[in-house]
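# What the coordinates show
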Amino acid sequence: QVQLVESGGGLVQVGGSLTLSCATSGGTFSSYPVAYFRQAPENQREFVASITRGGEMTVYADSVKGRFTISRDNAKNTVYLQMNSLKPEDTAVYSCAAATRVAGLPRNIRHFDSWGQGTQVTVSS
């Protein structure tokens, strides 16, 4: 069973930056893709970004493309989400998730079977 723990959330002003970290344990980290999702109050959880198991390919939601960057360090069993030019609509609980039974670059929530507890990101205007 893979365990994931997010950190790095907080309060930031519009236009600011934050970097989220997702530390994992259990399983073989370099063998599965990882993604970030987010959920704002009264909204469904939505896809943010995904990265392949080797880190060579990434995909982003249109709403964050060009502002967010997902990366991973397989030696440290950690995935990062660098968030720049933050907007109020980026306010949400951000969760990382692992797709331990899927290869490639998944983005459908159904493919992810292990989840972290989430970290709050609040962007103030």
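Everything below is about the structure printed above this text.
Just so it is clear, the model here is predicted, and its values are computed rather than measured. (Residues numbered from 1 in each chain as written. Predicted model: local features only at pLDDT ≥ 70, side-chain atom pairs only at ≥ 80, totals over all residues. Heavy atoms only, no water.)

One pass over the full model with this rule turns up 1 disulfide. Paired through a disulfide, Cys 22 and Cys 96 show a sulfur-sulfur distance of 2.1 Å. Residues Cys 22 and Cys 96 share a disulfide whose torsion about the S-S bond is about 70°; that sign makes it right-handed. One end of the pair, Cys 22, is in strand 3 (residues 18-25); the other, Cys 96, is in strand 9 (residues 92-98), with 74 residues separating them in the sequence. This pair shows no difference in class: Cys 22 is buried, exactly as Cys 96 is. (Disulfide = S-S within 2.5 Å. Helix = DSSP H or I, 4+ residues; strand = E, 2+ residues; numbered from the N terminus. Buried < 20%, exposed > 50% of the residue type's maximum accessible area, 1.4 Å probe, protein only.)

So, on to the pattern of salt bridges. A full pass over the atoms with the stated rule returns 5 salt bridges. The residue Asp 62 makes a salt bridge to Lys 65 at a minimum N-O spacing of 3.1 Å. Given the relative accessible area of 67%, Asp 62 is considered exposed. Close ionic contact of Asp 90 with Arg 67 constitutes a salt bridge, the shortest N to O distance being 2.8 Å. Of this pair, Asp 90 sits in the loop between strand 8 (78-83) and strand 9 while Arg 67 sits in the loop between strand 6 (58-60) and strand 7 (68-73), and the two are 23 residues apart along the sequence. With respect to class, Asp 90 is no different from Arg 67; both count as buried. One salt-bridge network, in which partners are shared between bridges, spans Arg 38, Glu 46, Arg 67 and Asp 90. (Salt bridge = Lys/Arg side-chain N within 4 Å of Asp/Glu carboxyl O.)

In this structure, Tyr 36, Val 48, Phe 68, Ile 70, Leu 81, Met 83 and Tyr 94 are the most contacted members of the largest nonpolar core, which totals 35 residues. Elements with a contribution of two residues or more to this core: strand 3, strand 4 (34-39), strand 5 (46-51), strand 6, strand 7, strand 8, strand 9 and strand 11 (119-124). The contacts of Tyr 36, once residues within four sequence positions are left out, are Leu 20, Ser 21, Cys 22, Phe 47, Val 48, Ala 49, Ile 70, Val 79, Tyr 80, Leu 81, Ser 95 and Cys 96. (Core = buried A, V, L, I, M, F, W, Y, C linked by side-chain atoms within 4.5 Å. Contact = heavy atoms within 4.5 Å.)

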